[in-house]
Amino acid sequence: MGDPWQECMDHCVEVTKKAGEMIREALQKDIAVMQKSSPVDLVTVTDQKVEQLIISSIKEKFPDHSFIGEESVAAGAPSILTDNPTWIIDPIDGTTNFVHRFPFVSVSIGFTVKKEIEFGIVYSCIEDKMYTARKGKGAFCNGVPIKVSGQEEISQSMVLTEMGFKKDPEIFKTMMANLKTILTIPVHGIRSPGSAAINMCLVACGSADAYYHMGIHCWDMAGGAAVVTEAGGVIMDISGGPFDLMSRRLIVASSRAIAERIAKEITVFPVGRDDKEGE
Ligand code: IPD
Ligand code: CA
């Protein structure tokens, strides 16, 4: 039997390319910035237009499928993962980068069936790198197979994380303390490229050895989770348990040893869930 989801994946690559073109064109013009939940949670008309382009194109071909899209959720759509084939879409992952023309901006799409990720696409559209991964079939960048570094020693590793403004001073303190803990292991370095999906792809292709984050969303994680897993990486919850797409937190790494060490060192703070209202 052929692959039942291949047609979806092929369509996903095509629509993601179009989305990337739209983003590159928008970078040539003035960018009007709007705020969402806080002064550092930004959105632009391009985020909204790109999401509309992606969803309308997929709906036309696959009318029975479900969607969780960042901007649709911001506009009030539910963010509940069901067993139905579901497209989890971040039209621009790295909106702050986009606004500042900092060149790590991606379109990220993960596709789930029965809550399992079947494939993921991350298009780093300024670099023109198309990362693709189909469950059980490996991960690729522009068609070339990629794999994680395989690094086992955290002291030899490059670690990625993102630091955002946190309203709660205690949470802010914990986030900064976590940074200090990881830096003083010591590791070779910590970087924050600014797009969760690209961070996962950087681990997937061996340019970084780990990435941890608390407070992101399923649309930031779904595409990259497929890429890093298929590249031979390890993905787990920040506590060291199994990865949960709706949990808003993760560790990915080149090896189980590094992922488990980060889980051991990190102090967890509450971030809510994507599938619980108001969190
Ligand atoms: C954000 C980026 C960023 C991360 C934030 C995300 P967005 O996604 O992935 O790296 O630090 O937590 O919300 O808003 O640009 O799609
Ligand atoms: Ca986004």
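To start, this report covers the structure provided alongside it. It should be emphasised that the depicted structure is a prediction, and the values quoted were computed from it without experimental measurement. (Residues numbered from 1 in each chain as written. Chains lettered and ligands numbered in written order. Predicted model: local features only at pLDDT ≥ 70, side-chain atom pairs only at ≥ 80, totals over all residues. Heavy atoms only, no water.)

**Quick word on the coordination of the calcium ion (ligand 2)**
- Distances from the calcium ion (ligand 2) to its protein donors, namely Glu70 (OE), Asp90 (OD), Asp90 (OD) and Ile92 (O), fall within the range 2.1 to 3.1 Å.
- We note that the donor set of the calcium ion (ligand 2) lies within a single chain, spaced as E-x19-D-x1-I. Across this residue pair, the class does not change: Asp90 and Ile92 are buried. (Donors = N, O, S within 2.8 Å, 3.2 Å for Na, K, Ca; no water. Buried < 20%, exposed > 50% of the residue type's maximum accessible area, 1.4 Å probe, protein only.)

**What to know about the side chain of His217**
- Tracing the sequence through the fold places His217 in the loop between strand S12 (210-214) and helix H7 (218-230).
- At a separation of 2.7 Å, a polar atom in the side chain of His217 contacts the side chain of Asp274.
- If we ignore the near neighbours within four places in the chain, the residues touching His217 are Arg248 and Asp274. (Helix = DSSP H or I, 4+ residues; strand = E, 2+ residues; numbered from the N terminus. Polar contact = N/O pair within 3.5 Å; in protein donor to acceptor, adjacent residues only side chain to side chain. Contact = heavy atoms within 4.5 Å.)

**Considerations on the site of ligand 1**
- Taken together, 13 residues are adjacent to ligand 1, and Asp90, Asp93, Gly94, Thr95 and Gly194 come closest.
- The contact in question runs from an oxygen atom of ligand 1 to an N or O atom on the backbone of Gly94, over 2.7 Å.
- For ligand 1, whose free accessible area comes to 380 Å², the fraction covered by protein is 80%.
- Element by element, the count of residues in the shell around ligand 1 is highest for strand S4 (residues 86-93), at 3 residues.
- Taken together, the residues that form the shell around ligand 1 break down as 3 nonpolar, 5 polar and 5 charged. (Near = heavy atom within 4 Å. Areas by Shrake-Rupley, 256 points an atom, 1.4 Å probe, with all protein chains shown as cover. Nonpolar A, V, L, I, M, F, W, Y, C, P; charged D, E, K, R; others polar.)

**Considering the nonpolar core**
- Judged by nonpolar contacts, the single largest core of 37 residues is most densely connected at Tyr211, Val227 and Leu245.
- If you list the elements that add at least two residues to this core, you get strand S6 (116-124), strand S7 (129-134), strand S8 (139-141), helix H6 (196-204), H7 and strand S14 (249-253).
- In contact with Leu245, other than residues within four places in its own chain, are Leu81, Ile88, Thr112, Ile117, Cys218, Met221, Ala222 and Asp274.
- Of all hydrophobic cores here, the second largest spans 33 residues; its members include Ile31, Ile54, Ile58 and Met130. (Core = buried A, V, L, I, M, F, W, Y, C linked by side-chain atoms within 4.5 Å.)

**What to know about the pairing of S7**
- Across the 6 residues of S7, 5 count as buried, placing the element largely inside the fold.
- Taking the residues that link successive antiparallel strands as the turn, the S6-S7 hairpin has 4 residues, and the phi of Asp128 there is positive, at about 55°.
- In this sheet, S8 lies alongside S7 in antiparallel orientation, the contact comprising 3 bridges. In the sheet register, Tyr131 faces S8, and the bridge partner there is Cys141. (Pairing = 2+ DSSP bridges.)

**Notes on the sheet that holds strand S3 (residues 66-69)**
- Strand order in the open sheet formed by 7 strands is S3-S4-S5-S6-S7-S8-S9, and the pairing between neighbours is mixed. Two strands in the sheet have a free side with no partner beyond their single neighbour: S3 and strand S9 (144-145).
- Most of the contacts of H6 go to S6, to which it runs at about 100°, and overall it touches S4, strand S5 (106-113), S6 and S7.
- Across the sheet, H7 lies against S3, S4, S5, S6, S7 and S8, angled at about 100° from S6, the strand it touches most. (Axes fitted to C-alpha atoms, helices over the stretch in contact; angles between N-to-C directions.)

**Some remarks on the pattern of salt bridges**
- A complete count under the given rule lists 16 salt bridges for this structure.
- The closest approach of N and O atoms between Glu118 and Arg134, which form a salt bridge, is 2.7 Å. Note that Glu118 is positioned in strand S6 and Arg134 in strand S7, a separation of 16 residues in sequence.
- For Glu118, a relative accessible area of 11% translates into the label buried.
- Exposure remark for Arg134: the relative accessible area of 10% places this residue in the buried category.
- Overlapping salt bridges bring together Asp3, Glu118, Arg134, Lys135 and Lys137 as one network. (Salt bridge = Lys/Arg side-chain N within 4 Å of Asp/Glu carboxyl O.)

**Focus on the sheet that holds S12**
- Pairing in this open sheet of 5 strands is mixed, and the strands run S11-S10-S12-S14-S13 from one edge to the other. Strands with a single pairing partner mark the edges of an open sheet, and in this sheet they are strand S11 (189-191) and strand S13 (234-236). In this sheet, adjacent strand axes meet at a mean angle of 20° when their direction is disregarded.
- As paired strands, strand S10 (residues 158-160) and S11 are joined by 3 bridges and run parallel to one another. Paired with Leu160 across the bridge in S11 is Arg191.

**Brief notes about a nonpolar patch on the surface**
- Taken together, the side chains of Val40, Phe165, Phe172 and Met176 make up a nonpolar region of the molecular surface, amounting to roughly 370 Å² of accessible area.
- Within the secondary structure, Phe172 is located in helix H5 (residues 169-183).
- The class of Phe172 is partly exposed, set by a relative accessible area of 33%. (Patch = residues over 30% accessible without salt bridge, like charges linked within 9 Å, V, L, I, M, F, W, Y side chains within 5 Å.)

**A closer look at unusual backbone geometry**
- In this structure, the amide linkage connecting Ile185 to the following residue, Pro186, adopts the cis form with an omega of 0°.
- Residues other than glycine seldom take positive phi values, yet Lys115 does so here, at roughly 70°.
- Looking at where Lys115 falls in the secondary structure, it is placed in the loop between S5 and S6.
- When its relative accessible area of 44% is taken as the criterion, Lys115 is described as partly exposed.

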